[in-house]
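Residue strings, one per chain:
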Amino acid sequence: VVVTAHLPPDACVRYVVDLDAAARQRGGITGAYRVGDDLIASTTVWLWAPRPRASDARASARFTLPEGVVVSPLWPRDAERWYLDARAFELEAYAAFGRFEVRHVGVPGACLHVSLLGRPVAMGHDALSASLARGAGAAALLLGRFPVSEASVLAVPTPLSTTSPFGVVGRGALPTVAILVGEQALPERLERAWVPVHEFSHLAAPLIERDDAWLSEGLATYYQEILRARAGLITAEEAWRNLDDGFERGRAGGTGRSLADESRDMRRTAAYRRVYWAGAAIALAADVELRARTRGARSLDDALAALHACCHAEPRPMPGRDAVERLDAASAGVFGRIARAALGSSELPPLERVYARLGLSHRADGALAFDDAPAARALRDAITAPPSALADVPPCGPWYARP
């Protein structure tokens, strides 16, 4: 790798990183990881940058590679160089190195550059690319377009699943999304899977500080169900049942502390269900109240669109309190009031009033029941209805330059 930044003309910095040794440490996708003969490596493993550096630091890079070896799309580029801005140095992204195929797939408002790693999965490359594109298309039903104009997608085969068990999002000059795909997954099962939609929908919000995972993961968890219903990947009834089941798991999880504490310590206590589903409950409650208060004129979609417009390209993680303030301003205070009450509580946000408005209740056997009263049905339908307009699907190719 050759990286140049704030150096005299024709000067450069040259260094060597042993990625194979990093992969042998089994750091997983978030470190360095072998996929057959290919290798995934987080930029935190191999991209060096000077400190201190100017906030507007820019650099360009080029890779010198053996014959047939490629690098997955990582930053904006043209035919000669890759272009790095402050986000490339501040935010983690994921790159793959190897002899794999890269497909360029259009979705509403964006191009996905899909790197097909490892040995081919049973469904084949065509079906895999199409299935991931459908998940990205579902994510486009939040803002009316895919949240970013371009993204790199690493399709990582795994024998551990028949669908998609895990994914991770990297931010940077070009967002990177790594998604595990079961080697024997059927296309129809992968298309219905929640993981790709969850990961893609993360890009609709700025990168939030890790301690405030309740917000970033809660929004993605709520929308993984709503967006799949909007796209017809699952039925609306399945989406509501999935949310209801998740809230039950969230109530049973955790260590009995406030949501703020659970979120801060989630990676130490493994209180993932508590944090994710409490955040999803906040999102649902805010969405329902905002729609009810404005008679359907505003929704959580609109508040999130405002947050995305202001801040999604920030070069550093955004404090949760700042994101809540932005959501508050776009929701007439609804989001912040619900969130602040939940953050101080050891219980999941109360949903009785929300369920009543939605016409949801539980039968004696615990199953979710649906009231078809016009107002309740109309509210449910409004939440799971796709937007009235979608961005066009652009032509996509191998260059994604924004120098």
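So, here is what we can say about the structure in this document. (Residues numbered from 1 in each chain as written. Predicted model: local features only at pLDDT ≥ 70, side-chain atom pairs only at ≥ 80, totals over all residues. Heavy atoms only, no water.)

## Looking at the nonpolar core
Here comes step 1: Among the nonpolar cores identified, the biggest contains 57 residues, and Tyr222, Phe247 and Phe335 are the most heavily contacted of them.
Here comes step 2: Ranked by residue count, the leading element in this core is helix 11 (residues 272-293), at 12 residues.
Here comes step 3: Excluding residues within four positions of it along the chain, phenylalanine 335 makes contact with Trp214, Leu215, Ile282, Ala286, Leu300, Val324, Leu327 and Asp328.
Here comes step 4: Grouped together as the second largest cluster of nonpolar side chains are 26 residues, Val105, Val121, Leu128 and Phe146 included. (Core = buried A, V, L, I, M, F, W, Y, C linked by side-chain atoms within 4.5 Å. Buried < 20%, exposed > 50% of the residue type's maximum accessible area, 1.4 Å probe, protein only. Helix = DSSP H or I, 4+ residues; strand = E, 2+ residues; numbered from the N terminus. Contact = heavy atoms within 4.5 Å.)

## Points about the sheet that holds strand 10 (residues 110-116)
Here comes step 1: Taking strand neighbours across the sheet as the criterion, the five strands line up as 9-10-11-13-12 in an open arrangement whose pairing is mixed. Edge positions in the open sheet fall to strand 9 (101-107) and strand 12 (167-170), since each of these has one partner strand only. Across the sheet, the mean angle separating the axes of adjacent strands is 25 degrees when strand polarity is ignored.
Here comes step 2: Two strands pair when backbone bridges link them, and strand 11 (residues 150-158) and strand 13 (residues 176-182) are joined in this way by seven bridges, in the parallel orientation. Bridge pairing links valine 156 to leucine 180 in strand 13.
Here comes step 3: Sheet strands touched by helix 4 (residues 124-143): strand 9, strand 10, strand 11 and strand 13. Its angle to strand 9, the strand with the most contacts, is close to 40 degrees.
Here comes step 4: Helix-sheet contacts for helix 6 (residues 194-202) involve strand 11, strand 12 and strand 13, and the interaxial angle to strand 12 is about 15 degrees. (Pairing = 2+ DSSP bridges. Axes fitted to C-alpha atoms, helices over the stretch in contact; angles between N-to-C directions.)

## Brief notes about the pairing of strand 8 (residues 94-98)
Here comes step 1: Strand 8 sits mainly inside the fold: five of its five residues count as buried.
Here comes step 2: Across four bridges, the pairing between strand 4 (residues 38-42) and strand 8 is antiparallel. Following the sheet pairing, leucine 39 is matched in strand 8 by phenylalanine 97.
Here comes step 3: Here strand 6 (residues 70-71) runs beside strand 8; their pairing, made up of two bridges, is antiparallel. Bridge pairing in strand 8 places valine 71 opposite phenylalanine 97.

Interpretation note: all reported values are geometric properties and have no functional meaning in isolation.
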